[in-house]
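A look at the structure
Spelled out, the chains give:
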Amino acid sequence: MQLPTLASGFLALAALAHAAQLSQITNFGANPSGAKMYLYVPDKLAANPPIVVAIHYCTGTAQAYFTGTPYARLADTHGFIVIYPESPYSGGCWDVSSPASLTHNGGGNSNAIANMVQWTLSQPHYAADPSRVFAVGTSSGAMMTNVLAATYPALFRAGSAYAGVPAGCFSTGTEAGWNSTCANGRSVATQDAWAATARAMGPAGYAGPRPRMRVSHGSADDVIYPQNFNETLKQWAGVFGYAYGAPREALAGVPRAGWTTHVYGENLVGVYGAGVTHDIPIDGAADMEWFGITGGGGAVTTTTRVASSTLVTLTTTTRTSSAAAVTTTAPALGGCAAARWAQCGGIGFGGCKTCVAPYTCKFSNDWYSQCL
Ligand SMILES: *[C@@H]1O[C@H](CO)[C@@H](O)[C@H](O)[C@H]1NC(C)=O
Ligand SMILES: *[C@@H]1O[C@H](CO)[C@@H](O)[C@H](O)[C@H]1NC(C)=O
C-alpha cells in the first residue's frame, strides 16, 4: 500500500514540474512607459490560439492576477495564450489618465500593452489568431480594458471590464493619476459625448470594427462608484449606436440572483450586481462565452441562466474573421496593397508591405508597422 501512494505523489510532483509557468518577456518592443510583460502559454496550445490580455488592479501584479483569477486555468482548458501586463508605477495602478496612454500610439501604458500583443502575434511558433485578441481587467485593469478598446479598436475583438470607468474618464493630464471626480461617479455625460471621447482616443478617422464590450459593476462599490457602470454603458452604447436608456433586454437574476444583465445587442452587455462591492467576482465562464472561446462554431453566443433553470441563449452573428486588423484589399498593379490599418511590416511578417493609396506603411515597433 505504500508504493502506490509514493508513486502517485511522485506523479503529482512530476505533473507540477511540467505545468506551464508565467514567464517575463523583456524585449517585446517599444516601451517608453516601462510596463512589464508576463506571458502564460499553456502546455497544450490550440491551433491558432486566441490571446487574452488579463490586466491587474491597483496594488496588483501580473503574478497576483495570474494566481487570483481563472484565466490561466481556462487557458489550460481552451489552449489560449494569456498576457499579464504589469504596471510600472509604485502604486501598481495603470496609467489611464495621461495623454500618452489615452492616445493611440502615444507611448504610454496602453501602447506598451498593444506592443505586447503585437510581439505575441509575431511569434511564428505560437501562430496566434490576430482576429481573436481579447482584454479583461479588474478596477484599474478594467479602466485599462476600456482605454485599450478606445485606443486600439482594430487590435481587440472583445473586452470585459470589472468595476472600471469609461475610457478617458480618469484623465488628469498626469501619469497614473487618480481622478476622484470620475471615481466618485461625478463625471456624467451624454452617450454622444462619451462616444466622442472614445473615438478621439483611437486612430484618426478610424471607421473599422470595434471590440464588443461586457461591462460589470456592483451597486455597492464605494471605490469606483456605480455611476461609472451607467457612464461606461453610455460610452459603448454611443459608439455602437444603441440607445443607452433602452437596452434590448434587462434580464433579472442573470447571471445569478441579485444581478441584472442588460443586453443592448451583440456588441454590448452590462452586468450589474445589487449589493456587490468593489470586490467584484470574476465570471471566467461568462468571459469565455463573450469572447467566443466557448459557445461553439466560432459564432458569438451568449448563454445566460435565468433563476436556476431556464436557459436564455442569445445567438448573434459571427463577426467576419480578422476584418479589423489584417485584411488586404485588391492588389495594386505590379504588386500588393495592404488596406488602411493593416499590418505592413515587422519581424516575422510575411504579408504585403505596401499600402493602398493614400496610406503609407508607418513603423510602430520592430514587430509591427501599420498602414496609416
Ligand atoms: C477628471 O476627469 C474629468 C472627466 O471625467 C475631467 O472633466 C476633470 O477635469 C478631471 N479632473 C482632473 C483633476 O483632471
Ligand atoms: C445605473 O444603472 C443601474 C442599473 O441599470 C440603475 O439601477 C441605476 O438607476 C442607474 N443610475 C442612474 C443614475 O441612471
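The preceding data block contains the structure.
What you see is a predicted model; the values in this text were computed from it and never measured. (Residues numbered from 1 in each chain as written. Chains lettered and ligands numbered in written order. Predicted model: local features only at pLDDT ≥ 70, side-chain atom pairs only at ≥ 80, totals over all residues. Heavy atoms only, no water.)

**Regarding the site of ligand 2**
To keep things clear, this is the line we draw: Summary of the distance rule: residues count as near a molecule or strand when at least one heavy atom falls within 4 Å of that molecule or strand. Here a polar contact means two N or O atoms within 3.5 Å. Within protein one must be a hydrogen donor candidate and the other an acceptor candidate, and residues neighboring in sequence count only if both atoms are side-chain atoms. Accessible areas in this description were obtained via Shrake-Rupley with a 1.4 Å probe; residue shielding takes into account the shown protein chains only. In this text, helices come from DSSP runs of H or I with a minimum length of four residues, and strands from runs of E with a minimum of two, each type numbered from the N-terminal end. Note that Gly is not counted as nonpolar here; it falls among the polar residues with everything else outside the nonpolar set of Ala, Val, Leu, Ile, Met, Phe, Trp, Tyr, Cys and Pro and the charged set of Asp, Glu, Lys and Arg.
The immediate surroundings of ligand 2 are formed by Gln 227, Phe 229, Asn 230, His 262 and Tyr 272. Contacts to ligand 2 include Asn 230, whose side-chain N or O atom sits 2.4 Å from an oxygen atom. Side-chain polar atom of His 262 to an oxygen atom of ligand 2: 3.2 Å apart, as the coordinates give it. Protein chains bury 47% of the 360 Å² of accessible surface belonging to ligand 2 in isolation. Ranked by residues supplied to the shell around ligand 2, first place goes to helix α8 (residues 227-240) with three residues. For the shell around ligand 2, the class distribution of residues is two nonpolar, three polar and no charged.

**Considerations on the site of ligand 1**
Close to ligand 1 lie Cys 169, Ser 171, Thr 172, Asn 179 and Ser 187. A distance of 2.7 Å separates an oxygen atom of ligand 1 from a polar atom in the backbone of Cys 169. Ser 187 places a polar side-chain atom, nitrogen or oxygen, 2.7 Å from an oxygen atom of ligand 1. Compared with its free state, where it exposes 360 Å², ligand 1 has 48% of that area covered by protein. For the shell around ligand 1, the per-class residue count stands at one nonpolar, four polar and no charged.

**Observations concerning the packing of aromatic side chains**
Heads up, the rule is: Stacked, tilted and edge-to-face are the three classes applied to pairs of Phe, Tyr and Trp rings, where Trp contributes its six-membered ring and a pair requires centres within 6.5 Å; stacked means planes under 30 degrees apart, edge-to-face means over 60, and tilted covers the rest. For the exposure calls, accessible area comes from a 1.4 Å probe over protein chains only, and a residue counts as buried if that area is under 20% of its type's maximum, exposed if over 50%, partly exposed in between.
Using the criterion set out here, one finds nine aromatic pairs in the structure. Geometrically, the ring pair formed by Tyr 40 and Phe 66 is tilted, given 5.3 Å between the ring centres and 50 degrees between the ring planes. Taken together, the positions of Tyr 40 in strand β2 (residues 36-40) and Phe 66 in helix α2 (residues 62-68) put the pair 26 residues apart, joining distant regions of the chain. Summarising the burial analysis for this pair, Tyr 40 and Phe 66 share the class buried. Seen in terms of ring centroids, Tyr 242 and Tyr 264 are 6.2 Å apart; in terms of plane orientation they differ by 40 degrees. Their pairing is tilted. Of this pair, Tyr 242 sits in the loop between α8 and β8 (249-252) while Tyr 264 sits in strand β9 (residues 259-265), and the two are 22 residues apart along the sequence. Assessed through its relative accessible area of 7%, Tyr 264 is described here as buried.

**A short note on the sheet that holds β2**
Using the following cut-off: Here the rule is simple: two strands pair whenever DSSP picks up at least two bridges between them. A fitted line through C-alpha atoms serves as each axis, taken over the contacting stretch for helices, and the angle formed by two N-to-C directions is quoted from 0 to 180°. Contacts are assigned to residue pairs with any non-hydrogen atoms lying within 4.5 Å of each other.
Read across the sheet, ten strands follow the order β1-β2-β4-β3-β5-β6-β7-β10-β9-β8 without closing on themselves; strand pairing throughout is mixed. At either margin of the open sheet sits one strand with a lone partner, and together these are β1 (22-25) and β8. Direction aside, neighbouring strands of the sheet carry axes that sit 20 degrees apart on average. Alignment of strand β6 (residues 158-162) against strand β7 (residues 212-218), held across five bridges, turns out to be parallel. Its bridge partner being in β7, Ala 158 is matched across the sheet by Arg 212. Across the sheet, helix α9 (residues 284-291) is in contact with β3 (51-55), β5 (133-138), β6, β7 and β10 (268-273); its angle to β6 comes to roughly 155 degrees.

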